[in-house]
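Here's the letter readout for the chains.
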Amino acid sequence: MPFLSTLLRTYAALFFSRHRGCGALLLAASFAHPWAGAAGVASAALGVAGARAGGFNRALTDLGAYSVNPLLVGLALGTLYAPGAGWAATVVVGAGLALALSVALGGWLAARGLPFLSLPFVAVLWLLGPGGGQLAPLHTGTAAAAWLTELSALGGTALADAARWLTDRPWPPALHLYLRALSGVLMQDSALAGLLVAAGLLWHSRIAFSLSVLGFVAATGLGTLTGQPVGPADSYNLGANYLLTVVTVGGVFLVPRPGSYALAVACVPVVAVLLSGVGAVLGQVGLPVYSLPFCLTALLVLYALLLREAPSRLLPLTPFQQYSPERNLYSFVSYAERAAEAVGAHLYLPLALPFRGAWRCSQAYADGGPTHQGAWAQALDFDITDADHRTYHGAGTALTDYHCFDKPVLAPADGVVEEVVSHLPDNAIGQVDTRHNWGNTVVLRVAPGLYVQLSHLRMDSVRVQVGQTVRRGDVLAACGSSGRSPEPHLHVQVQATPRIGSPTLAYPLAGFVGAAPGAAPRLRRYAVPRAGEVVSPPAPHRLLTQALRLAPGAGLAVRAAAPGTTAPTGPAQHWDAATDSANLAYLRCRTTGAVAYYEHDDTTFRFTAYYGDESAWLYLFYRAAYQVPLALLPPPVSTEETAVLPLIVVPNPLLRAAQDVVAPFWRFLRPEFSLRVDSAEAVPHARSLTVQSRLTLRVFGRPRPVQATELRFGNGALTELHIHRPGRAPLLLRCTAVA
C-alpha cells in the first residue's frame, strides 16, 4: 500500500476508521497548531516506516494500528513544548517508544481478544511529558491563543485572519464546546480544528458522528446533574475520554443497536469516576491521566462481554471488524438473516447431516413427540423410510429388518471426541433400556462451548476414542437401537457441555435438501429439519464448485467486450484470489485495489464484505454473485436463492446517508438479492450453465430494480457476466481463469 495512504489511515485510526478522506481532514485539523501538526506527521511517518522496516504485521501496519500512538505522542509533544533540537530528539524517541509499546502490548492483549487502544501513548507521555523524565531541556509550548502568530508566519496574514474569523465568531456555547472537545482528540483546543474533525467523522460514519453527539450530551448532562458543569477547561477530557468511549463502545466493539447505544451511555459515569479517582491517584506523583479513563472503560466493557457464556442479541459484539459502524451493522444484519435460527449468527459453525443418503426426521424440536420435552426439546431423531413410508422390510421383528440399522453415522463437523459409550446391547424391537437412556453415544466438541451428541448407536460399532480428532464426514459409528430406543434410529442434539444427556440447544444445520410430505424438495440453509421431512446432504454441482472454489493464487482476467463479439473494448482487470492473516479468503482487483471477501462450504459460495471503488467491475460481480448455491436441486425443480445484502449496495449516497443515521433503530431501505437456476440447466455433469441474479432495493417497501445479471459458466470456470442496470448501457464482461 502507498506510504501516503497508510499515513492518512493512521489519522483515521483515531476513530477506528480506514477512511482516507476522514484521515486527510484530521491531518488538516492537526495543523490548527502548526508545530503540533508537524510533530504529528513526523511521528506518524516514523511509526509507519518503523513498522514496515521492522517486519511487523503488514495488515495492521497498513491500517495505521501501529502508527496511531506515535501520532498521538507527536501531537502531544508538539502542543506541550516549543520546537528546538532537544524537542525534535524527544519527538523521535517518543515515536519509537510508542511503536515498540504498540507492538508489544498488541501481541499480549491480542491473545486475550483485546486492542491496545491509546495505552502506549499514555505510557510514553508519562515518561517524556510533564511529570516524567526529559532527554533534553524542553520549554513550554505556545499558548493556545498565540499560535495564530505562527500561522501568520507560515501562511501569511490572510490565512491567520481567516482562522481568527472562524475561531472568534460567536459560536453557540454548546456547539463551541462540542467542536473543541472533538479537537481534543488531536490534542488541540480549537473550534476550527473541531469543525474539520466533525466533517471527517461525518464523512467516515453517520453512526459514529451521532454517537459523538450522544456522548457529548450524556457527559454534559451528567455534569449538570452532579453539580459539576462541563466547561471549556474540560474540552480535552470531554473529547479524548467521554466522546471516544461512547463512539468506541457503541459503534466499534459492539454492533450499533439500541442496546449498544444504551451501554455506551452507561459508560459515561464510569469514565467520570475513573477521571476523578485515577486522576487523584496519579496526581500524587504529578502525572496527568490523558486518555487512560477511555482505555480502561473500553477494555473493561469489552473484556466483560467476551466472558459471556452465550452471545446476546441485545449486545452483539462485532464479529468481523470492518472499520465502519455502518458496515459492521449491515453485514451483521445480512449475515444474521442468512443464519436467522443460529445461536448467535455471527458465531455460527456449520454443521452437516451426520449420515449419507435420504433419512426421515421422525421427531423434531418440541413437536409433541414422546421424548423431546423440557430441557431436551431441541433434539432430532432420524430413521429411513421406503416408498411405502415404512421404516423396515419384512416382518419388522428383527433389528436387521430396519433400513437405518447399521448404517454409518458421520461426524457433522471437525472436532474432538469428548465422550464415548459403546458397550450397551441393542434392544429387541419394542423394548427400551430406561437405565441407560441415551444408549451408546459419541459426544464431539466442535467449538469452544459447543458439542454434538449422537446416540442410540449399535453396540461395539464406535470407531473413535476419547481425545481423538475427527474430520467432518469421518465414520464415527453405526446406527443402532440401544438405550431408550424401541426401534433403530439416530438421535442428534447440540449442547453447551460435554456431559452425555446435557440440556439441548436450538442450532440449525448449514445446508440440506428437504422434502416435506407431498412437497417438492428444496435446498434449505441454516435451518432445522421438521418432523416428517425427508432430508439428505446436498450434492455439489461439479461445474459451479470448480468455478467458484477460488484457491489462493488463482484468479480471473476480466475484459469488457461489445455484445456479439469477442473483441475487448479496453484493458483487462485482474482479480487475484488470496487469504489474509486471519485466513479469510478474498478477491483483489489489481487495477482498482478493490477487495471482496468471500467464503464457501459444500452448499454455497457467498460474499461477506466489499471494500473499494464502487465503479469497479469487482463490485458488480459482488452484487451479481452475492450468494450462489454450489448444490442444485435435480430437475424438474428449479433452484432459487434469496438474501438480504448490506446497504453498501444502495447506489444513492444521500439515501444511504439518511438510512445510516437511523439504521441502529429502524431500516427503511432493504436491498434484496435473488438468484435462479432453471431446472433445465441443473444437469449434474453439465459443461455449461447460466445463472440469473437480481438486485432489488426496497424503499419503504416499494421495489426498485438495481442490477440484473446473467452469470455464464463453462469448462469449470466463470466465462461471462451480462450486466443490466437501469439507465445504463448493458455491460458484457468476459472472464478467463488464470493461475
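Residues numbered from 1 in each chain as written. Predicted model: local features only at pLDDT ≥ 70, side-chain atom pairs only at ≥ 80, totals over all residues. Heavy atoms only, no water.

Regarding the overall build of the protein
Turning to step 1, where the next piece is worked out: Of the regular secondary structure elements, the protein holds 18 helices and 25 strands.
Turning to step 2, where the next piece is worked out: Taking the principal axes of its C-alpha atoms as reference, the protein extends roughly 100 × 70 × 50 Å.
Turning to step 3, where the next piece is worked out: Scored against the burial criterion, the 739 residues of the protein give a buried share of 52%.
Turning to step 4, where the next piece is worked out: Counting only contacts in the protein whose residues sit at least 6 apart along the sequence, the fraction spanning at least 24 positions is 63%.
Turning to step 5, where the next piece is worked out: As displayed, the protein has an accessible area near 30600 Å², and 61% of this comes from carbon and sulfur atoms. (Helix = DSSP H or I, 4+ residues; strand = E, 2+ residues; numbered from the N terminus. Buried < 20%, exposed > 50% of the residue type's maximum accessible area, 1.4 Å probe, protein only. Contact = heavy atoms within 4.5 Å. Areas by Shrake-Rupley, 256 points an atom, 1.4 Å probe, with all protein chains shown as cover.)

As for the sheet that holds strand 24 (residues 717–724)
Turning to step 1, where the next piece is worked out: Taken in spatial order, the 12 strands of this open sheet run 19-18-17-16-15-14-25-24-23-22-21-20, and their pairing is antiparallel. Whereas interior strands pair on both sides, the edge strands pair on one side only; in this sheet they are strand 19 (627–629) and strand 20 (639–644). Strand-to-strand twist of the sheet, defined as the mean angle between neighbouring strand axes without regard to direction, takes the value 20°.
Turning to step 2, where the next piece is worked out: Pairing analysis gives 4 bridges linking strand 16 (residues 585–589) to strand 17 (residues 595–600), with the strands arranged antiparallel. Looking at strand 17, one finds that Tyr586 is bridged to Tyr597.
Turning to step 3, where the next piece is worked out: Those strands touched by helix 17 (residues 617–624) are strand 14 (555–561), strand 15 (573–579), strand 16, strand 17, strand 18 (604–611), strand 21 (669–677), strand 22 (688–699), strand 23 (702–714), strand 24 and strand 25 (731–738), and its axis lies near 100° from that of strand 23.
Turning to step 4, where the next piece is worked out: In the packing of helix 18 (residues 653–662) onto the sheet, the strands contacted are strand 21, strand 22 and strand 23, and the crossing angle to strand 21 comes to about 115°. (Pairing = 2+ DSSP bridges. Axes fitted to C-alpha atoms, helices over the stretch in contact; angles between N-to-C directions.)

Examining the nonpolar core
Turning to step 1, where the next piece is worked out: Counting 152 residues, the largest nonpolar core has Phe121, Trp575, Phe621 and Phe713 as its most contacted members.
Turning to step 2, where the next piece is worked out: At 11 residues, helix 12 (residues 235–253) tops the list of elements feeding residues into this core.
Turning to step 3, where the next piece is worked out: When neighbours within four sequence positions are excluded, Phe621 is seen to be in contact with Trp575, Leu587, Phe607, Leu711, Leu718 and Leu721.
Turning to step 4, where the next piece is worked out: If you look at the next biggest cluster of nonpolar residues, it comprises 38 residues, including Leu351, Val409, Ala447 and Val528. (Core = buried A, V, L, I, M, F, W, Y, C linked by side-chain atoms within 4.5 Å.)

Looking at helix 14 (residues 292–306)
Note on helix geometry: an α-helix contains 3.6 residues per turn, so any two residues three or four positions apart are oriented the same way.
Turning to step 1, where the next piece is worked out: With 15 residues, helix 14 extends 21 Å between its outermost C-alpha atoms, agreeing within 8% with the 21 Å of an ideal straight helix rising 1.5 Å per residue.
Turning to step 2, where the next piece is worked out: Within helix 14 the residues assigned to the buried category are Leu292, Pro293, Phe294, Cys295, Thr297, Ala298, Leu299, Val301, Leu302 and Leu305.
Turning to step 3, where the next piece is worked out: Contacts from the buried residues of helix 14 go to helix 7 (119–128), helix 12 and helix 13 (258–283). (Expected span 1.5 Å × (residues − 1).)

Notes on the pairing of strand 4 (residues 415–421)
Turning to step 1, where the next piece is worked out: Summarising the sheet, strand 4 and strand 7 (residues 469–470) pair through 2 bridges and their orientation is antiparallel. Paired with Val416 across the two strands is Thr469, which belongs to strand 7.
Turning to step 2, where the next piece is worked out: In this structure, strand 4 lies alongside strand 5 (residues 440–447), joined through 5 bridges in antiparallel fashion. Bridging across to strand 5, Val421 finds its partner in Thr441.

As for the packing of aromatic side chains
Turning to step 1, where the next piece is worked out: Scanning the model with the defined rule gives 25 aromatic pairs in all.
Turning to step 2, where the next piece is worked out: A centroid spacing of 5.5 Å and a plane angle of 35° characterise the contact between Tyr610 and Tyr622, whose relative ring orientation is tilted. Pair noted here: Tyr610 is in strand 18 and Tyr622 is in helix 17, with a separation of 12 residues, a long-range link.
Turning to step 3, where the next piece is worked out: Residue Tyr610 is classed as buried on the basis of its relative accessible area of 1%.
Turning to step 4, where the next piece is worked out: Since its relative accessible area comes to 1%, Tyr622 is described here as buried.
Turning to step 5, where the next piece is worked out: By way of ring pairs, the aromatic residues Trp575, Tyr598, Phe605, Phe607, Tyr610, Tyr619, Phe621, Tyr622, Tyr626 and Phe673 are connected into one cluster.
Turning to step 6, where the next piece is worked out: If you follow Arg18 out to its NZ or CZ, it ends over the ring of Tyr611, 4.7 Å from the centre. (Phe/Tyr/Trp six-rings, centres within 6.5 Å; stacked < 30°, edge-to-face > 60°. Lys NZ or Arg CZ within 6 Å of the ring centre and 35° of its normal.)

Regarding the packing of helix 11 (residues 206–225) against helix 13
Packed helices, taken two at a time, are described by the angle between their axes plus the distance between the axes.
Turning to step 1, where the next piece is worked out: It is at 10 Å that the axes of helix 11 and helix 13 come closest, and there the two elements cross at 45°. Here helix 11 is positioned oblique relative to helix 13, judged by the angle of their axes. Judged by the sense of rotation from one axis to the other, the crossing of helix 11 with helix 13 is right-handed. Taking contact as the criterion, the partners of Ile207, Ser210, Leu211, Leu214, Ala218, Ala219 and Leu222 in helix 11 are, on helix 13, Tyr261, Val265, Val268, Pro269 and Ala272.
Turning to step 2, where the next piece is worked out: When the residues that make up the contact of helix 11 with helix 13 are grouped by side-chain class, the tally is 11 nonpolar, 1 polar and no charged. (Parallel < 35°, antiparallel > 145°, perpendicular 65-115°, else oblique. Left-handed = near helix turned anticlockwise from the far one by under 90°. Nonpolar A, V, L, I, M, F, W, Y, C, P; charged D, E, K, R; others polar.)

Thoughts on unusual backbone geometry
Turning to step 1, where the next piece is worked out: Residues other than glycine seldom take positive phi values, yet His389 does so here, at roughly 65°.
Turning to step 2, where the next piece is worked out: Tracing the backbone shows His389 in the loop between strand 2 (379–383) and strand 3 (408–410).
Turning to step 3, where the next piece is worked out: Its relative accessible area of 66% is what places His389 among the exposed residues.
Turning to step 4, where the next piece is worked out: Positive phi values are uncommon outside glycine, yet Asn715 reaches one of about 55°.

Details of the pattern of salt bridges
Pairing is possible between side chains of opposite charge, provided their charged atoms come close.
Turning to step 1, where the next piece is worked out: As enumerated under the stated definition, the model contains 19 salt bridges in all.
Turning to step 2, where the next piece is worked out: One salt bridge in this structure joins Arg676 and Glu640, with 2.3 Å as the shortest N-O distance. Of this pair, Arg676 sits in strand 21 while Glu640 is found in strand 20, placing the two residues 36 residues apart along the sequence.
Turning to step 3, where the next piece is worked out: Using a relative accessible area of 52% as the deciding quantity, one classes Glu640 as exposed.
Turning to step 4, where the next piece is worked out: For Arg670, the salt bridge goes to Glu672, with nearest N and O atoms at 2.9 Å.
Turning to step 5, where the next piece is worked out: Its relative accessible area of 35% is what places Arg670 among the partly exposed residues.
Turning to step 6, where the next piece is worked out: For Glu672, a relative accessible area of 22% gives the class partly exposed.
Turning to step 7, where the next piece is worked out: Taken together, the shared-partner salt bridges in this structure form one network comprising Glu710, Arg712, Glu720 and Arg734. (Salt bridge = Lys/Arg side-chain N within 4 Å of Asp/Glu carboxyl O.)

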